[in-house]
Amino acid sequence: YLQQNNLVQLHAETFQNLTFGRESILDMSQNKLQELPPKVFDGLKLGRLEILDLAENKLSTLPEKVFDGLWYLRSLDLAENELVTLSSDVFHSLPDLGSLRLERNRLRSLGDRPFYGLDYLEELNLQQNQLTDLDEDVFGDDFLKRSLLDLKLGGNRLTTLPGGLFNGFTNLRKLQLQSNQLVRLPQQLFQTLGEV
């Protein structure tokens with residue numbers, strides 16, 4: 001637990017050779033981290049880190065593949081940072097991730113399918129960002145569409161949504177779109193929600 005300090009930076013070797021046991025947590029929330037070195041978590045590749053909390057820092061970007069090797073990660077919290085966009089492969093090596101929190105950032109765009117490969121993601125929180133539009137295939141992975149239970153998009157600046165945005169979402173239980181600037185909804189936007 002390293003939360004509630006004044007950490008501004010981490011060195012690339014900070015966690016070198018650190019081994020985590022089962023159900024391990026690394027909490028660095030409520031610091032002043034401005035960036036993550038590209039290979040800062042490389043030393044954890046053989047560990048079993050399951051929860052990583054980086055909320056309430058000052059991260060504006062995430063290096064490509066910064067989370068590579070965190071195979072057992074179940075929960076990643078990046079809420080309340082200063083992220084503006086996401087690279088296409090930043091989360092791709094997190095096959096067991098179940099919860100991804102990105103609310104209260106400054107996200108204006110989501111890049112090119114940043115959630116690809118998150119086959120077991122159940123909760124995705126994108127609330128209170130600055131998203132103005134979403135590509136129809138931003139959630140393009142069929143596995144993700146089947147696993148996602150809770151999708152939060154409220155509090156953004158969305159004015160419209162692509163007609164096929166939610167195609168394939170068969171198990172979604174909660175969809176939050178409140179407090180956007182939606183002026184119209186495509187005719188069959190919700191048609192496939194809940195279909196088996």
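Structure first, text after, so check above.
The present account deals with the structure reproduced in this document.

Calculation rules
- Residues numbered from 1 in each chain as written.
- Predicted model: local features only at pLDDT ≥ 70, side-chain atom pairs only at ≥ 80, totals over all residues.
- Heavy atoms only, no water.
- Phe/Tyr/Trp six-rings, centres within 6.5 Å; stacked < 30°, edge-to-face > 60°.
- Helix = DSSP H or I, 4+ residues; strand = E, 2+ residues; numbered from the N terminus.
- Buried < 20%, exposed > 50% of the residue type's maximum accessible area, 1.4 Å probe, protein only.
- Lys NZ or Arg CZ within 6 Å of the ring centre and 35° of its normal.
- Pairing = 2+ DSSP bridges.
- Contact = heavy atoms within 4.5 Å.
- Axes fitted to C-alpha atoms, helices over the stretch in contact; angles between N-to-C directions.
- Salt bridge = Lys/Arg side-chain N within 4 Å of Asp/Glu carboxyl O.

## Concerning the packing of aromatic side chains
Here is step 1: Throughout the structure, instances matching the rule amount to eight aromatic pairs.
Here is step 2: Taking the centre distance of 5.9 Å and the plane angle of 15° together, the rings of Phe 115 and Phe 139 count as stacked. Of this pair, Phe 115 sits in the loop between strand S4 (99–101) and strand S5 (123–125) while Phe 139 sits in the loop between S5 and helix H1 (142–147), placing them 24 residues apart in sequence. Accessibility assignment for this pair places Phe 115 and Phe 139 in one class, buried.
Here is step 3: By way of ring pairs, the aromatic residues Phe 15, Phe 41, Phe 67, Phe 91, Phe 115, Phe 139, Phe 166, Phe 169 and Phe 190 are connected into one cluster.
Here is step 4: Above the plane of the ring of Tyr 72 lies Arg 48, whose end atom (NZ or CZ) is 4.0 Å from the centre.

## Re the pairing of strand S2 (residues 49–53)
It is a general feature of regular strands that their side chains alternate between the two faces of the sheet.
Here is step 1: With four of five residues buried, S2 lies mostly within the body of the structure.
Here is step 2: Pairing geometry for strand S1 (residues 24–27) and S2, over four bridges, is parallel. Bridging across to S2, Ile 25 finds its partner in Ile 51.
Here is step 3: Bridge count between S2 and strand S3 (residues 75–77): three bridges; the pairing is parallel. By the bridge assignment for S3, Ile 51 is matched with Ser 75.

## Observations concerning the side chain of Gln 130
Here is step 1: By the element assignment, Gln 130 lies in the loop between S5 and H1.
Here is step 2: Setting aside chain neighbours within four positions, we find Gln 130 in contact with Arg 106, Leu 107, Arg 108, Asn 156 and Arg 157.

## Comments concerning the sheet that holds S5
Here is step 1: Overall, parallel pairing links the seven strands, which are arranged S1-S2-S3-S4-S5-S6-S7 in an open sheet. Each edge of the open sheet is held by one strand with a lone partner, namely S1 and strand S7 (174–176). Between one strand axis and the next, the sheet turns through 5° on average, direction left out of account.

## A few points about unusual backbone geometry
Here is step 1: A positive phi angle, near 60°, is found at Lys 65, a position not held by glycine.
Here is step 2: With respect to the helices and strands, Lys 65 occurs in the loop between S2 and S3.
Here is step 3: According to the relative accessible area criterion, Lys 65 is partly exposed, its value standing at 40%.

## Details of the pattern of salt bridges
Here is step 1: Per the counting criterion, the structure on display carries three salt bridges.
Here is step 2: Here Arg 101 ties to Asp 77 by a salt bridge, and the two come within 3.2 Å at their closest N and O atoms. Placement of the pair is Arg 101 in strand S4 and Asp 77 in strand S3, with a sequence separation of 24 residues.
Here is step 3: Among the residues examined, Asp 77 registers a relative accessible area of 10% and is labelled buried.
Here is step 4: The shortest N-O distance in the salt bridge between Lys 152 and Asp 150 comes to 3.8 Å. Asp 150 shares its class with Lys 152; the two are buried.
Here is step 5: One salt-bridge network, held together by shared partners, links Asp 77, Arg 101 and Glu 103.

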